[in-house]
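# Geometric and topological summary
Here is what each chain is made of, one letter per residue.
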Amino acid sequence: MTDNQIRDLFREMREEPVPPDSLALIRMKLEDRIRSRARWKVAARVTAAAMVMLIALLLPHGAVTHKAAATKALAMGQPAKPSVDVPETAPLVAVRPAIQKTRRRPRASSAPVEIRIETADPDVVILLVSQ
């Protein structure tokens, strides 16, 4: 077959419909599905980013500033202002100070620890001693 005959054959095949079990038809349909899913993925990411921005803008920032102001006041040695208005007639409740747990330090052993490392060379020995 010459090149011209092959071109004519391809032109004739181009005009014929693609058989339903053809691999080319399956690839075309799969490619269309992938494109349609890609659109949904992009839309979902844009929607998620918009929702995060909306939530960030709608959340009250007052609670965060009250905590920061109270922490700053305590660091400077001043009493913190209450973030909630407490009526004057409310009974006072005694608050117990927080108990801080301390870790026990391991006791230092009186005997020194020796670690001996022998290398492949018989003349070289590494000796580690802790006191």
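Residues numbered from 1 in each chain as written. Predicted model: local features only at pLDDT ≥ 70, side-chain atom pairs only at ≥ 80, totals over all residues. Heavy atoms only, no water.

### Considering the overall build of the protein chain
- Assigned secondary structure in the protein chain consists of three helices and two strands.
- Tracing the protein chain from N to C terminus, the helices and strands come up as α-α-α-β-β.
- Looking at the protein chain as a whole, 2% of its 131 residues qualify as buried.
- On the protein chain, roughly 13,800 Å² of surface is accessible, and the fraction owed to carbon and sulfur atoms is 61%. (Helix = DSSP H or I, 4+ residues; strand = E, 2+ residues; numbered from the N terminus. Buried < 20%, exposed > 50% of the residue type's maximum accessible area, 1.4 Å probe, protein only. Areas by Shrake-Rupley, 256 points an atom, 1.4 Å probe, with all protein chains shown as cover.)

### Overview of the environment of Ser-130
- With respect to the element layout, Ser-130 can be found in strand S2 (residues 125–130).
- Relative accessible area serves as the criterion here: at 37%, Ser-130 is assigned to the partly exposed category.
- Between the C-alpha atom of Ser-130 and that of Glu-114, which follows or precedes it by 16 residues, the distance is 6.6 Å.

### Focus: a positive patch on the surface
- On the surface, a cluster of positive charge is made up of Arg-33, Arg-37, Lys-41 and Arg-45.
- Mapped onto the elements, Arg-45 comes out in helix H2 (residues 23–58). (Patch = residues over 30% accessible without salt bridge, like charges linked within 9 Å, V, L, I, M, F, W, Y side chains within 5 Å. Salt bridge = Lys/Arg side-chain N within 4 Å of Asp/Glu carboxyl O. Lys, Arg positive; Asp, Glu negative; His and termini not counted. Charge placed at Lys NZ, Arg CZ, Asp CG, Glu CD.)

### Brief notes about the pattern of salt bridges
- One pass over the structure, following the stated rule, counts four salt bridges.
- Glu-31 is the partner of Arg-35 in a salt bridge, and the nearest nitrogen-oxygen pair spans 2.5 Å. Taken together, the residues Arg-35 and Glu-31, both in helix H2 and four residues apart, mark about one turn of the helix.
- On the accessibility criterion, Glu-31 (43% relative accessible area) is partly exposed.
- Each member of the salt-bridge network shares a partner with another, and the members are Glu-31, Asp-32 and Arg-35.

### Considering a nonpolar patch on the surface
- The grouping of Val-113, Ile-115, Ile-117, Val-124, Ile-126 and Leu-128 at the surface amounts to a nonpolar patch, some 460 Å² of accessible area in total.
- Top element by residues in the nonpolar patch is strand S1 (residues 113–118). It accounts for three residues.
- Relative to the helices and strands, Ile-115 is located in strand S1.
- Relative accessible area serves as the criterion here: at 43%, Ile-115 is assigned to the partly exposed category.

### Re the pairing of S2
- Here S1 runs beside S2; their pairing, made up of six bridges, is antiparallel. Across the sheet, residue Glu-114 finds its bridge partner in S2, namely Val-129.
- Between S1 and S2, which follow one another and run antiparallel, lie six residues. (Pairing = 2+ DSSP bridges.)

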